[in-house]
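One-letter residues, chain by chain:
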Amino acid sequence: MRHSLHNISKLILNSDQATLKFILSLSDAMRERGTELYHNGAVTYIKGNRQDILAKVQDEFGIHHIHFHLYNNQWFGFSFTANALIAGAAMYAVMLERVSFGKELPIYSKIFDATFWKLPLATILEVKLKRPLMQNETKFLSKLEERYHHYLFKNQFYDSDMLRLCPDWNAKSRNKPIFFSSTPPTNILEFWENIAHVLNRHHLSYPAFLKYVPNIRESLQASIH
């Protein structure tokens with residue numbers, strides 16, 4: 001649910017000094033367009049912590065990748081969008097989205113479906129395995145989730161990403177993209193299925209506990225009913 005313009009103004013006024021400084025550095029036109037983007041739900045992806053924010057904003061001109069970094073109590077915004085007005089408006093929309101979350105900014109993406117949020121992959125696997133995940137398995141899942149968030153932000157999966165999951169991967173170039181199936185993955189289960197398919201095609205192994213993933217949806221439904 002979007003905050004009203006009145007509530008957003010109150011949130012901004014009560015925000016930290018670094019946020020206020022950044023907002024005041026933008027032009028009226030940027031803030032006006034950014035407010036419209038925010039209310040239209042144009043911020044399709046956002047995650048971050050106290051020092052960094054990664055986000056995507058989608059409007060009629062395309063997808064804008066936004067990165068904020070906090071240094072010396074000042075937010076610095078970065079964007080590959082050439083048009084200053086469009087880039088500034090996208091940054092403002094991201095700041096409004098961040099402010100609307102309050103003090104803690106959770107990982108947030110409209111790409112994720114509700115079922116996935118309610119049932120984390122670790123929980124789903126433990127249901128299938130009928131045991132808690134071991135430490136090395138949890139560590140691998142953390143790497144997988146990190147690569148998934150990176151994929152969502154970049155819209156691409158590279159040799160360097162695969163190397164983090166499979167050290168035996170023969171990387172010809174760290175920036176070489178790896179192409180998945182014709183249908184892009186919409187959640188982390190489908191993301192892993194695509195990776196497993198690529199590894200199988202190259203006769204490379206992966207952690208045994210993830211072999212259950214291709215049939216995970218059926219197993220999950222059976223465990224719920």
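Rules used throughout
- Residues numbered from 1 in each chain as written.
- Predicted model: local features only at pLDDT ≥ 70, side-chain atom pairs only at ≥ 80, totals over all residues.
- Heavy atoms only, no water.
- Helix = DSSP H or I, 4+ residues; strand = E, 2+ residues; numbered from the N terminus.
- Buried < 20%, exposed > 50% of the residue type's maximum accessible area, 1.4 Å probe, protein only.
- Lys, Arg positive; Asp, Glu negative; His and termini not counted.
- Salt bridge = Lys/Arg side-chain N within 4 Å of Asp/Glu carboxyl O.
- Polar contact = N/O pair within 3.5 Å; in protein donor to acceptor, adjacent residues only side chain to side chain.
- Contact = heavy atoms within 4.5 Å.
- Axes fitted to C-alpha atoms, helices over the stretch in contact; angles between N-to-C directions.
- Parallel < 35°, antiparallel > 145°, perpendicular 65-115°, else oblique.
- Left-handed = near helix turned anticlockwise from the far one by under 90°.
- Nonpolar A, V, L, I, M, F, W, Y, C, P; charged D, E, K, R; others polar.
- pLDDT = per-residue confidence, 0-100.
- Core = buried A, V, L, I, M, F, W, Y, C linked by side-chain atoms within 4.5 Å.
- Pairing = 2+ DSSP bridges.
- Phe/Tyr/Trp six-rings, centres within 6.5 Å; stacked < 30°, edge-to-face > 60°.

**Student:** When you look at the side chain of Lys 56 in this model, what are you seeing that I'm missing?
**Tutor:** In this fold, Lys 56 is placed in strand β2 (residues 52-59). At 13 Å, Asp 161 is the nearest oppositely charged side chain to Lys 56, a buried residue that forms no salt bridge. One polar contact links Lys 56 to Asn 155, side chain to side chain, over a distance of 3.1 Å. Setting aside residues no more than four positions away along its own chain, Lys 56 makes contact with Ala 42, Val 43, Thr 44, Tyr 45, Ile 63, His 64, His 65, Leu 152, Phe 153 and Asn 155.

**Student:** Is there a simple way to explain the packing of helix α2 (residues 17-25) against helix α4 (residues 84-101) in this structure?
**Tutor:** Packed helices, taken two at a time, are described by their axes: the angle between them and the distance between them. Where α2 meets α4, the closest approach of the two axes is 11 Å, and the angle between their N-to-C directions is 155°. Regarding the angle of α2 to α4, the classification is roughly antiparallel. Two packed elements cross with a definite hand, and for α2 against α4 that hand is left-handed. Of α4, the residues touching α2 (which contributes Thr 19, Phe 22 and Ile 23) are Met 91, Tyr 92, Met 95, Arg 98 and Val 99. Looking at the contact of α2 with α4 residue by residue, the class counts come to six nonpolar, one polar and one charged.

**Student:** Can you help me understand the environment of Ile 63 in this one?
**Tutor:** Here Ile 63 shows up in strand β3 (residues 62-71). On the basis of relative accessibility, which here comes to 39%, the residue Ile 63 falls in the partly exposed class. Between the alpha carbons of Ile 63 and Thr 44 there is a distance of 9.3 Å; along the sequence they are 19 residues apart. Not counting the four nearest positions on each side in its chain, Ile 63 is found in contact with Lys 56, Val 57, Gln 58 and Asn 155.

**Student:** Quick question: what am I supposed to make of the pattern of salt bridges here?
**Tutor:** A side chain with one charge may pair with a side chain of the opposite charge, provided their charged atoms come close. Within this structure, the stated rule accounts for six salt bridges. Among the ionic pairs, Arg 33 bridges to Glu 60, the shortest N-O distance being 3.4 Å. Pair noted here: Arg 33 is in helix α3 (residues 28-39) and Glu 60 is in the loop between β2 and β3, with a separation of 27 residues, a long-range link. When salt bridges with common partners are traced through the structure, they connect Arg 33, Asp 59 and Glu 60 into a single cluster.

**Student:** Please explain the confidence of the model for the chain as it appears in this structure.
**Tutor:** Keep in mind that low pLDDT regions are not for reading the predicted coordinates in detail. Here the chain shows a mean pLDDT of 79. Residues at 70 or above account for 79%. The weakest mean pLDDT in the chain belongs to helix α5 (residues 114-118) at 38; the strongest belongs to α3 at 94. Contacts for the low-pLDDT stretch residues 217-225, under 50 throughout, to residues beyond four places or in other chains number nine contacts.

**Student:** What is the right way to look at the nonpolar core in this model?
**Tutor:** Of all hydrophobic cores here, the largest spans 30 residues; its most connected members are Leu 144, Phe 157 and Ile 195. Secondary-structure elements contributing two or more residues to this core are α6 (121-129), α7 (135-154), α8 (159-165) and α9 (188-201). Ranked by the residues each element gives to this core, the list is headed by α9, at eight residues. Setting aside its immediate chain neighbours within four residues, Phe 157 contacts Arg 147, Tyr 151, Met 162, Leu 165, Lys 176, Pro 177, Ile 178, Phe 180, Phe 191 and Ile 195.

**Student:** Would you take a moment to explain the pairing of strand β4 (residues 74-79) for this structure?
**Tutor:** Both β3 and β4 contribute to a ladder of six bridges, which runs antiparallel. Looking at the pairing, His 67 lines up with Phe 78 of β4.

**Student:** I'm lost on the packing of aromatic side chains in this one. Help?
**Tutor:** Think of a pair of aromatic rings as described by two things: how far the centres are apart, and how the planes are tilted against each other in angle. Throughout the structure, instances matching the rule amount to 10 aromatic pairs. Relative to Phe 191, the ring of Phe 180 has its centre 6.0 Å away and its plane inclined at 80°; by these criteria the two rings are edge-to-face. Taken together, the residues Phe 180 in the loop between α8 and α9 and Phe 191 in helix α9 connect sequence positions 11 residues apart. Residue Phe 180 is classed as buried on the basis of its relative accessible area, which comes to 17%. When its relative accessible area of 0% is taken as the criterion, Phe 191 is described as buried. Between Trp 192 and Tyr 206, the aromatic rings sit 5.2 Å apart at their centres with planes inclined by 85°, giving edge-to-face as the arrangement. A residue pair is termed long-range when its members are at least 10 positions apart, and Trp 192 in helix α9 and Tyr 206 in the loop between α9 and α10 (216-224) qualify at 14 residues. Judged by relative accessible area, which is 2%, Trp 192 ranks as buried. When its relative accessible area of 24% is taken as the criterion, Tyr 206 is described as partly exposed. Pairwise contacts between aromatic rings join Tyr 148, Tyr 151, Phe 157, Phe 180 and Phe 191 into one cluster.

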